[in-house]
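For reference, the chains in residue letters:
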Amino acid sequence: MKSNYDVIIIGSGPGGLAAAIAARENGADDVLIIERDIELGGILLQCIHNGFGLQLFNEDMPGPTYAQYYIDKVKDHGVETLMDTMVLDITPQREVFAINKDLGYLDLQAKAIVLAMGCRERTRAQILLPGARPAGVYTAGTAQRFVNVEGHMPGNKFVILGSGDIGMIMARRLTIEGAEVERVLEIMPYLTGLTRNYVQCLLDYGITLQKHRTVNRIIGRDRVEAIEAVTVDEKWQPVPGTKEIIPCDTLLLSVGLIPENELSKKAGVLLDPVTNGPFVDDRFMTNVPGIFAAGNVVQVYDLVDWVTEAGFTAGKGAAQFALSEKLETGEEIPLIAGENIRYVVPHKLDKSHLAEEQVRLQMRAIVPIEDRVLVTVEDQNGEVVAKKGEAYARPGEILTLAIKPKAYEAIQKATSLTVNVRKR
Amino acid sequence: MAEISEIICVTCPKGCTLRVKHEGKQVLEVLDGCKRGEEYAICELQDPRRMVASTVRVDGGLHPLVPVYTKQAIPKHLIPELARALRNVEVPAPVKINQVVLADALGTGIDVVASRDMPKAGA
Amino acid sequence: MAQSYDVIIIGAGIVGSMVARFLSKYQLDILLIEKESDIGMGTSSANSAAVHAGYDALPGTNKAITNMLGVEMWPQISKELGIPYERCGDYVVAESKEDLAVLEELLERGKENGVPGMALISGEEMRQREPLIRPDTIGALWAPTGGISDPFTATVAAAENAVMNGVTVMLNTAFEDFLMDGNTITGVHTSQGDFGCRWVVNAAGLFADDVMHKAGVRPNFEIRPRRGEYLILDKAECQLTQNTILFPTPSSKGKGILVAATLHGNVIVGPNANFVNDKSDKDMTSEGTEEIWSGGKKLVPSVNRKHIIAEFAGLRATGNAAAPDPEIDYHQDFIIEIPEVVKGLVNLGGIESPGFTASPAIAVKVVELLRSAGEELVEKPDWNPIREAPPVFRHMDKQQQAELVAKEPAYGRIVCRCETVTEGEILAAIHAPIPATNYDAIKRRTWLGTGRCQGGFDMPRVVNILAEELGIPPEEVTKKGEGSPLLYRRTKDVQQDHIVVKDLI
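Definitions and limits used
Residues numbered from 1 in each chain as written. Chains lettered and ligands numbered in written order. Predicted model: local features only at pLDDT ≥ 70, side-chain atom pairs only at ≥ 80, totals over all residues. Heavy atoms only, no water. Helix = DSSP H or I, 4+ residues; strand = E, 2+ residues; numbered from the N terminus. Rg over C-alpha atoms; globule rule 2.2 N^0.38 Å. Buried < 20%, exposed > 50% of the residue type's maximum accessible area, 1.4 Å probe, protein only. Contact = heavy atoms within 4.5 Å. Areas by Shrake-Rupley, 256 points an atom, 1.4 Å probe, with all protein chains shown as cover. Lys, Arg positive; Asp, Glu negative; His and termini not counted. Charge placed at Lys NZ, Arg CZ, Asp CG, Glu CD. Salt bridge = Lys/Arg side-chain N within 4 Å of Asp/Glu carboxyl O. Core = buried A, V, L, I, M, F, W, Y, C linked by side-chain atoms within 4.5 Å. Domains from an automatic or database assignment. Buried area = accessible area lost by both parts, 1.4 Å probe. Polar contact = N/O pair within 3.5 Å; in protein donor to acceptor, adjacent residues only side chain to side chain. Nonpolar A, V, L, I, M, F, W, Y, C, P; charged D, E, K, R; others polar. Phe/Tyr/Trp six-rings, centres within 6.5 Å; stacked < 30°, edge-to-face > 60°. Lys NZ or Arg CZ within 6 Å of the ring centre and 35° of its normal. Pairing = 2+ DSSP bridges. Axes fitted to C-alpha atoms, helices over the stretch in contact; angles between N-to-C directions. Right-handed = clockwise from strand over helix to strand, strands pointing away.

Quick word on the overall build of chain A
Next up, step 1: Looking only at helices and strands, chain A features 8 helices and 26 strands.
Next up, step 2: Here chain A has a C-alpha radius of gyration of 22 Å; the compact-globule value for 424 residues is 22 Å, and the two agree.
Next up, step 3: Dimensions along the principal axes, computed over C-alpha positions, put chain A at roughly 65 × 60 × 35 Å.
Next up, step 4: In chain A, which comprises 424 residues, the proportion classed as buried is 63%.
Next up, step 5: The long-range fraction of contacts in chain A, counting pairs at least 24 apart against all pairs at least 6 apart in sequence, stands at 64%.
Next up, step 6: A total accessible area of about 14,800 Å² is found for chain A, and carbon and sulfur atoms account for 49% of it.
Next up, step 7: Charge centroids of chain A, computed over 45 positive and 56 negative side chains, lie 5 Å from each other.

Here's what the structure looks like:
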């Protein structure tokens, strides 16, 4: 254990693992991963279903397999790892305070930091669910941890609130392990997760999904006994006469993920209120020099492959920063969310980077367009510098567009770039 | 006797709803979608298969379960039986990634393998 | 009869625990029984944590007398028992001329009760002291002796000090009936057997009416529970300028919906006050949430819904007892008495606000009542009034933290990320003089699971720790005692599954 590192990475999910590998490959000698769990891998360890690696490997792997590939690489690259260790504080000067049972209180200094803490789940209290507070109300991720890693079933008969991917995946998982999934309720008028999961998790198993429906009340004082479901209108107000009591013993909440940025704030990192993650440039550096961020801590990704790519970018930037104490920056221009775009990550682009490599933009649409769309990147004069056709635009699926080096000339005169998605 | 059924295609994330004209399990025509969609519809009608991921018990491991998955998609109607069969499997730690935990599952010729290493407890 | 005591106290909320603690000073065999799986699970763990200055209670009532005595005792008792307490002062805020008239009344009432240092301040002054206050505030009543504490720790601390001094605590022990010889109480019949005693102290909170009725005492006394809902805001997003309680001008319903700092570092909004029919109805309601939220926004317009991280409700044991002084027209007072119709009962009833403030004073009154009833109270020579608070990792500086971890490595493992609660603290709670044996009991003592992620990260770890320390399978770990299991079975123990695969076409 040293006290000075070139790069310290907080979190060993796919973002952190990739950052560590890239940091080593780009010249950083002393790279340390600090992980709060007892093993590396992050959330992937409990995502035992397939669907990972389609983009990067053209393979359909389970989460733990995808993780292990990178964990093995991290070990091969001589990255130091510290597990069962919690980072308590980081400073803008990149001091890292952590705590560990065996080593006690650690006061470390990093030349660069990569934040890769991932997300936490939105809770019952945050959606103000009325009713009693019995045992048996879980967020889907916590239930997933119990079922897949700890080896316990949190209940026998489930109602799931939220048609996001985690909720649907858990519906199938619980069924396979012998539980009954009575209903999946979705407050929006549309599915918020992938259609593939709707087919292979719900339709395949005859699990009913109801849209425009939510939980009106949790029933049961000591343990969940039932939930009262209700239909809602476009303003999420209950529609009279639509209440239904659904007996169950467990309510699973799959109502959203929130990037976990408490540590980031301590280091003076500024957060985008739309993404709940840090403002980042195209190297994934935050506003604090030498502090980078990668993965779900920046925005909630839907494909792990892009998390890995972001981790590589951040790790490379971190290594370069560590070696030179600063990063060469050319002219930076903002990337702006334009028509029907909720946010764009990264938030700004260094024009000089396009000379060597592409810059991948990731966006989310606000309103679904179930028709062919065109994603455009336009400069301040409306000149299109990059564009991409897509079959549709859905808020639940990230839109991605890589600005290639061939656009280098075109953006030289730009003072800002706006991303739009419109029906073709 | 021909009938038209609807099916959601999942070969790409678009998730088109295809109308399939068929007689029993014989596909006559796929009225929407693309070539991949047509192949998918035929497959779903005649031989629907799925990748299955689950867990099996581990004896003496860091965790009590190790995640596993079918190396290839298995016939869908075998899923309940496979889930039951996996409940009876226990493997001793340490387990190596890709280790076969259930060979030739239910006579399909498809192995179920470990998704990750699972070291011994206290390792 | 299995065992006999001098005094049996029914109910281990803040009142029962304080009574136990003050009585433990004397050479008496004392049993404190509690029907729940942990102490303090009733009103004591769902309130505003206020230690009231005393201007609100009607002069001459038991409420006023015990409030005044209590608030004077809090500085010392909090030090002795290691209870967080801050005499930060509180404000009652006026938005209209009618409100100002009420503030004048409160000022007079406070003076009559003997509340020191109160002053009426202008709207301008109020805005200076708390810039977040609603901008059109026209004035406020400032009470420097008001304060805030930590009711969870207070209940545990009082009960633990009692145990340290020889009191026996029995959890999961519900009072069922009195054992009587004529009209003399000789003991209690509980769910865990019969126990003899010379005195029973009724500190049963919401159920005090049921208890006293079993002895034929005050058949017309009735407790009608009034529910109060609360919301807690994220400490990283919302802070008052200083620790204080901001009250609205009170109404006939009560003190109103306040916005206050908590000693855990959060801002709390609430409570409303609505009668419910059921003494276990602590449901959150959407109407109630709107009610307290708009009350909160009236005081502090900048509170933001996005920052709500927790919600809970408590029940007030609102009684209908007349004030002892017949000149006072008040019918919601505390009962603190030794009734005449039976022998051997110290009867406490209707303890709602300011019950937490008054609790040490009520305990003192119980001692006085026993003494005046002829009890010879001989002090224990080795009575120890001091209860040392266990280490709270997040309150220590870096140096202290490093030393603690070096000494006891379990403090080096953070289990609750959001509130920085360590395994050491969890183990200390499980092995405390009154052990925490379920998730909520640990939560109340250590504050884990109360933060942003509401236990999402810590729960699987706490389940494992509890299972290991208590030597039980994880499936037997509960949220709050019997009937509230967290887990049903092991993943692979399936009796009967329900897997049906559908043909999609």
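Description of the pattern of salt bridges
Next up, step 1: Under the definition given, this model contains 74 salt bridges over all chains.
Next up, step 2: Between Lys-35 of chain B and Glu-39 of chain B there is a salt bridge whose closest N-O contact spans 3.9 Å. A residue pair is termed a helical-turn pair when its members lie 3 or 4 positions apart in one helix, as Lys-35 of chain B and Glu-39 of chain B do in helix 1 (residues 35-46) at 4 residues.
Next up, step 3: A relative accessible area of 55% places Lys-35 of chain B in the exposed class.
Next up, step 4: Where Glu-352 of chain C meets Arg-226 of chain C, a salt bridge forms, and the shortest distance between an N and an O atom there is 3.0 Å. Of the two residues, Glu-352 of chain C is situated in the loop between strand 22 (345-349) and helix 8 (355-372) and Arg-226 of chain C in strand 15 (residues 224-233); the sequence distance between them amounts to 126 residues. The same class applies to Glu-352 of chain C as to Arg-226 of chain C, namely buried.
Next up, step 5: Through salt bridges that share partners, Arg-120, Glu-260, Glu-262 and Lys-265 of chain A together with Asp-234, Glu-237 and Arg-452 of chain C make up one connected network.

Focus: the nonpolar core
Next up, step 1: Ile-9, Val-19, Leu-23, Tyr-55, Leu-348 and Ile-362 of chain C are the most contacted members of the largest nonpolar core, which totals 103 residues.
Next up, step 2: Residue contributions to this core peak at 8 residues, all from helix 8 of chain C.
Next up, step 3: Core analysis: the next-biggest nonpolar cluster, separate from the first, contains 70 residues, Val-184 of chain A, Ile-79 of chain B together with Ala-410 and Val-421 of chain C among them.

Regarding the domain arrangement of chain A
Residue and element names in this part refer to chain A.
Next up, step 1: Along its sequence, chain A is organised into domain 1 (1-120 + 256-324), domain 2 (123-255) and domain 3 (331-424).
Next up, step 2: The gap between the C-alpha centroids of domain 2 and domain 3 is 36 Å.
Next up, step 3: In this complex, domain 2 contributes 4 residues to the contact, which on the side of domain 3 involves 5 residues.
Next up, step 4: Between domain 2 and domain 3, a total of about 290 Å² is buried, with carbon and sulfur atoms accounting for 56% of that surface.
Next up, step 5: Summed over the shared surface of domain 2 and domain 3, the result is 0 salt bridges.
Next up, step 6: Scanning the region where domain 2 abuts domain 3 turns up 0 residue pairs in polar contact (both at pLDDT 80 or more).
Next up, step 7: Broken down by class, the residue content of the side of domain 2 that touches domain 3 amounts to 2 nonpolar, 2 polar and no charged.

A word on the interface of chain B and chain A
Next up, step 1: With 25 residues of chain B in contact, the opposing surface of chain A contributes 33 residues.
Next up, step 2: Taken over both partners, the interface formed by chain B and chain A buries close to 2,400 Å², and the fraction arising from carbon and sulfur atoms is 58%.
Next up, step 3: Applying the counting rule to chain B against chain A returns 3 salt bridges.
Next up, step 4: Two residues, Arg-50 of chain B and Asp-204 of chain A, come together in a salt bridge whose shortest N-O distance is 2.5 Å.
Next up, step 5: Inspection of the chain B/chain A interface yields 11 residue pairs in polar contact (both at pLDDT 80 or more).
Next up, step 6: Among the elements of the structure, strand 5 (53-59), strand 6 (65-70) and helix 2 (79-87) of chain B are those that each provide at least two residues to the side of chain B that touches chain A.
Next up, step 7: Residues of the side of chain B that touches chain A, tallied by class, amount to 14 nonpolar, 5 polar and 6 charged.

Observations regarding the side chain of Ser-54 of chain B
Next up, step 1: Structurally, the position occupied by Ser-54 of chain B is in strand 5.
Next up, step 2: Ser-54 of chain B gets classed as buried once you look at its relative accessible area, which sits at 3%.
Next up, step 3: Within polar-contact distance, the side chain of Ser-54 of chain B engages the side chain of Glu-177 of chain A at 3.2 Å.
Next up, step 4: Among residues more than four places away in sequence, those in contact with Ser-54 of chain B are Ile-48, Arg-173, Ile-176 and Glu-177 of chain A, Val-66, Pro-67, Val-68 and Leu-86 of chain B together with Lys-492 of chain C.

A look at the packing of aromatic side chains
Next up, step 1: The final tally for this structure, using the stated rule, is 16 aromatic pairs over all chains.
Next up, step 2: Between Phe-57 of chain A and Tyr-66 of chain A the ring centres are 5.9 Å apart and the planes differ by 80 degrees, which places this aromatic pair in the edge-to-face class.
Next up, step 3: Phe-57 of chain A gets classed as partly exposed once you look at its relative accessible area, which sits at 26%.
Next up, step 4: An aromatic cluster of at least three residues, connected via ring pairs, comprises Phe-57, Tyr-66, Tyr-69, Tyr-70 and Phe-312 of chain A.
Next up, step 5: The ring of Phe-457 of chain C has Arg-36 of chain A lying over it, and the distance from NZ or CZ to the ring centre is 3.7 Å.
Next up, step 6: The ring of Phe-97 of chain A carries Lys-398 of chain C above its face, with NZ or CZ at 4.0 Å from the centroid.

Regarding the interface of chain A and chain C
Next up, step 1: On the side of chain C, 67 residues touch chain A, which itself brings 57 residues to the contact.
Next up, step 2: Note on chain A versus chain C: buried area summed over both sides is about 5,300 Å², and carbon and sulfur give 55% of it.
Next up, step 3: A per-residue breakdown of the area chain A buries against chain C is headed by Lys-101, Arg-133 and Arg-221 of chain A, which together make up 13% of the total.
Next up, step 4: On inspection of chain A and its partner chain C, the count reaches 10 salt bridges.
Next up, step 5: With its nearest N and O atoms 3.0 Å apart, the salt bridge here joins Arg-413 of chain C to Asp-84 of chain A.

Focus: the sheet that holds strand 12 (residues 209-211) of chain A
Residues and elements named next belong to chain A.
Next up, step 1: Pairing is parallel across the open sheet formed by 5 strands, whose spatial order is 8-16-10-11-12. Each edge of the open sheet carries a strand with a single partner, namely strand 8 (137-139) and strand 12. Strand-to-strand, the axes of this sheet are offset by a mean angle of 20 degrees, without reference to chain direction.
Next up, step 2: With 3 bridges connecting them, strand 11 (residues 180-186) and strand 12 associate as parallel partners. Each bridged residue has a counterpart across the sheet, and for Glu-186 the counterpart in strand 12 is Lys-211.
Next up, step 3: On top of the sheet, helix 3 (residues 140-150) reaches strand 8 and strand 16 (250-253); it is set at about 90 degrees to strand 8, its chief contact.

Focus: the pairing of strand 3 (residues 30-33) of chain C
Residues and elements named next belong to chain C.
Next up, step 1: Side-chain alternation along strand 3 places Ile-30 and Leu-32 on one buried face and Leu-31 and Ile-33 on a second face that is also buried.
Next up, step 2: Bridge analysis of strand 2 (residues 7-10) against strand 3 gives 4 bridges, and the strand direction is parallel. Bridge pairing in strand 3 places Ile-9 opposite Leu-32.
Next up, step 3: Chirality of the crossover, the property in question, places the unit of strand 2, helix 1 (residues 14-23) and strand 3 among those that are right-handed.
Next up, step 4: When strand 3 meets strand 10 (residues 168-170), the two strands line up parallel, connected through 3 bridges. Residue pairing in the sheet places Leu-31 in a bridge with Thr-168 of strand 10.

Things to note about the sheet that holds strand 4 (residues 50-51) of chain C
Residues and elements named next belong to chain C.
Next up, step 1: Taken in spatial order, the 3 strands make up an open sheet running 4-9-5, and their pairing is antiparallel. A strand with exactly one partner marks an edge of an open sheet, and here the two such strands are strand 4 and strand 5 (85-86).
Next up, step 2: In this structure, strand 5 lies alongside strand 9 (residues 147-149), joined through 2 bridges in antiparallel fashion. Looking at the pairing, Tyr-85 lines up with Ser-149 of strand 9.

Quick look at the side chain of Thr-123 of chain A
Next up, step 1: Within the element layout of this structure, Thr-123 of chain A appears in the loop between strand 7 (119-121) and strand 8.
Next up, step 2: Look past the residues within four positions of Thr-123 of chain A in its chain and what remains in contact with it is Thr-139 and Leu-253 of chain A together with Ile-309, Arg-452, Cys-453 and Gln-454 of chain C.

Observations regarding the environment of Val-303 of chain C
All names here are of chain C.
Next up, step 1: Inspection of the secondary structure puts Val-303 in the loop between helix 7 (286-299) and strand 20 (308-318).
Next up, step 2: Classification of Val-303 by relative accessible area gives buried; the value is 3%.
Next up, step 3: When the C-alpha atoms of Val-303 and Val-269 are compared, they prove to be 9.4 Å apart, with 34 residues separating the residues in sequence.
Next up, step 4: The contacts of Val-303, once residues within four sequence positions are left out, are Leu-233, Cys-238, Trp-293, Gly-296 and Lys-297.

Topic: unusual backbone geometry
Next up, step 1: Omega for the bond connecting Val-345 of chain A with Pro-346 of chain A falls within 30 degrees of zero, at 0 degrees, which places this linkage in the cis form.
Next up, step 2: Relative to the helices and strands, Pro-346 of chain A is located in the loop between strand 20 (341-345) and strand 21 (348-350).
Next up, step 3: Along the chain, Ala-93 of chain B connects to Pro-94 of chain B via a cis peptide bond; the corresponding omega equals 0 degrees.
Next up, step 4: Phi is positive for Asp-84 of chain A, close to 55 degrees, though the residue is something other than glycine.
Next up, step 5: Assignment of secondary structure puts Asp-84 of chain A in the loop between strand 3 (80-82) and strand 4 (85-90).
Next up, step 6: For Asp-84 of chain A, a relative accessible area of 23% translates into the label partly exposed.
Next up, step 7: One non-glycine residue, Asn-98 of chain B, lies in positive phi territory at about 75 degrees.
Next up, step 8: Along the chain, the position of Asn-98 of chain B falls in the loop between strand 8 (90-92) and strand 9 (100-102).

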